[in-house]
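Summary of the model geometry
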Amino acid sequence: MAVVIDGLIYASWLFLIAVGLTLIYGVMRILNMAHGSLYALGAYAAASLVGSWLSAGHAPLGSYVLLVVAAVLVGLVAGPLIERGVLRFSYGRDEIVLVLVTYALFLVLEDVIKLAWGVDPYFVSEPYGLLGSFEVGNLTYPVYNLVLIGAAAFVGAGMGWALRRTRKGKILLAVIHDREMAAALGIDVRRVYVVTFTVGSMLAALGGALTAPTISVVPGMGVEVIVLAFAVVVIGGLGSPLGAALGALIVGVVRSAAVHFLPQVELFSIYLVMALVLLARPRGLFSAPEARRI
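First, a word on scope: everything that follows refers to the structure included in this document.

What follows concerns the layout of surface pockets. Its volume calculated, the largest pocket comes out at about 740 Å³. Within the residue set of the lining of the largest pocket, elements represented by two or more residues are α3 (62-85), α6 (144-165), α7 (167-177) and α9 (189-211). When residues in the lining of the largest pocket are grouped by element, the largest group, eight residues, is from α9. Its volume calculated, the second largest pocket comes out at about 640 Å³. Lining the second largest pocket are 27 residues, and of these Y10, W13, T214, I215 and R255 sit closest to its centre. Mapped onto the lining of the second largest pocket, the elements with two or more residues apiece are α1 (2-28), α6, α9, α10 (221-236), α11 (241-261) and α12 (266-280). Top contributing element to the lining of the second largest pocket by residue count: α10, with five residues. Of the residues contributing to the lining of the second largest pocket, the split by class is 17 nonpolar, six polar and four charged.

Overall, the coordinates contain eight aromatic pairs when judged by the stated rule. A connected cluster of aromatic rings, assembled from ring pairs, spans Y10, W13 and Y39.

The next point concerns the nonpolar core. With 81 residues, the main nonpolar core has W13, L14, L16, V27, I82 and L210 as its most contacted residues. A total of 13 residues in this core trace back to one element, the largest contributor, which is α1. Not counting the four nearest positions on each side in its chain, L210 is found in contact with L16, L67, Y144, L148 and A151.

Before going further, it helps to examine the packing of α1 against α6. Where α1 meets α6, the closest approach of the two axes is 8 Å, and the angle between their N-to-C directions is 35 degrees. When the axes of α1 and α6 are compared, the crossing they make is left-handed. Residues L8, I9, S12, F15, L16, V19 and L23 of α1 pack against N145, L148, I149, A151, A152, V155, G156 and M159 of α6. Of the residues belonging to the contact of α1 with α6, the class tally is 12 nonpolar, three polar and no charged.

The rules behind these values
Residues numbered from 1 in each chain as written. Predicted model: local features only at pLDDT ≥ 70, side-chain atom pairs only at ≥ 80, totals over all residues. Heavy atoms only, no water. 1 Å grid on protein atoms, 1.4 Å probe; cavity = no way out; pocket = protein on both sides within 12 Å on 5 of 7 lines; lining within 4 Å. Points joined across faces, edges and corners; volume = space filled by probe spheres on them. Helix = DSSP H or I, 4+ residues; strand = E, 2+ residues; numbered from the N terminus. Nonpolar A, V, L, I, M, F, W, Y, C, P; charged D, E, K, R; others polar. Phe/Tyr/Trp six-rings, centres within 6.5 Å; stacked < 30°, edge-to-face > 60°. Core = buried A, V, L, I, M, F, W, Y, C linked by side-chain atoms within 4.5 Å. Buried < 20%, exposed > 50% of the residue type's maximum accessible area, 1.4 Å probe, protein only. Contact = heavy atoms within 4.5 Å. Axes fitted to C-alpha atoms, helices over the stretch in contact; angles between N-to-C directions. Left-handed = near helix turned anticlockwise from the far one by under 90°.

Take it as geometry only, folks, not as evidence of what the structure does.
Printed below as a string of structure tokens:
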């Protein structure tokens, strides 16, 4: 039971940090190396906002709203700025060029974080402990873990509904399937790119904001995250939100089992799963649809 619960909690966190990455790749065909820095920006923004809120003596329950507000602000500011200011000049080039561009952005943003917040750790644990804990058998878990699970479920369900049931979502799917044909039919692909990168940045920041109460927020925290996010989306299939959910669940359960039964292979187990999946399905379990070329 502990393996399943721990795996579900970890999978929820993985999905939150990976779904924005796979969304951006599905629409824009960009492996966004700066995704980890956007995650870190969300964590720092959340720590700063919540810390200021609590130090001013406001109600602690308001800190949960500020976690989401921090993610939205980071996405609305960083997303359009990066996409319009940098990425749009690289469209149409080889994918490796875009990878190098986003890697350069990652390095720049890491230094921006150090300039803005310094190198000392930030702690904002109040939201983590405020809701108390619950017991499952002999195990005790913070209720905040249920917040992570609920947030992941909400994001996944909301994205599925938006893509399948709304006009803008269907436009997004059209661009994913064939951007040239979508542009020929009058869809403003440039605007779709801006919205997509903003939403993807917001989701990365949301992962960081919701993680901030559970850890110490320090420089370089985005490095490990981007590696794990890549592992999840590669397993699930680049560009597939459903694949990201399944990849996160697989990695979460496997990692949890390794921690409980063979902790020395915890990190290795994640990449072993990725290797086995790619051997069987080189494009991942699910992959974004591609247009047929005649």
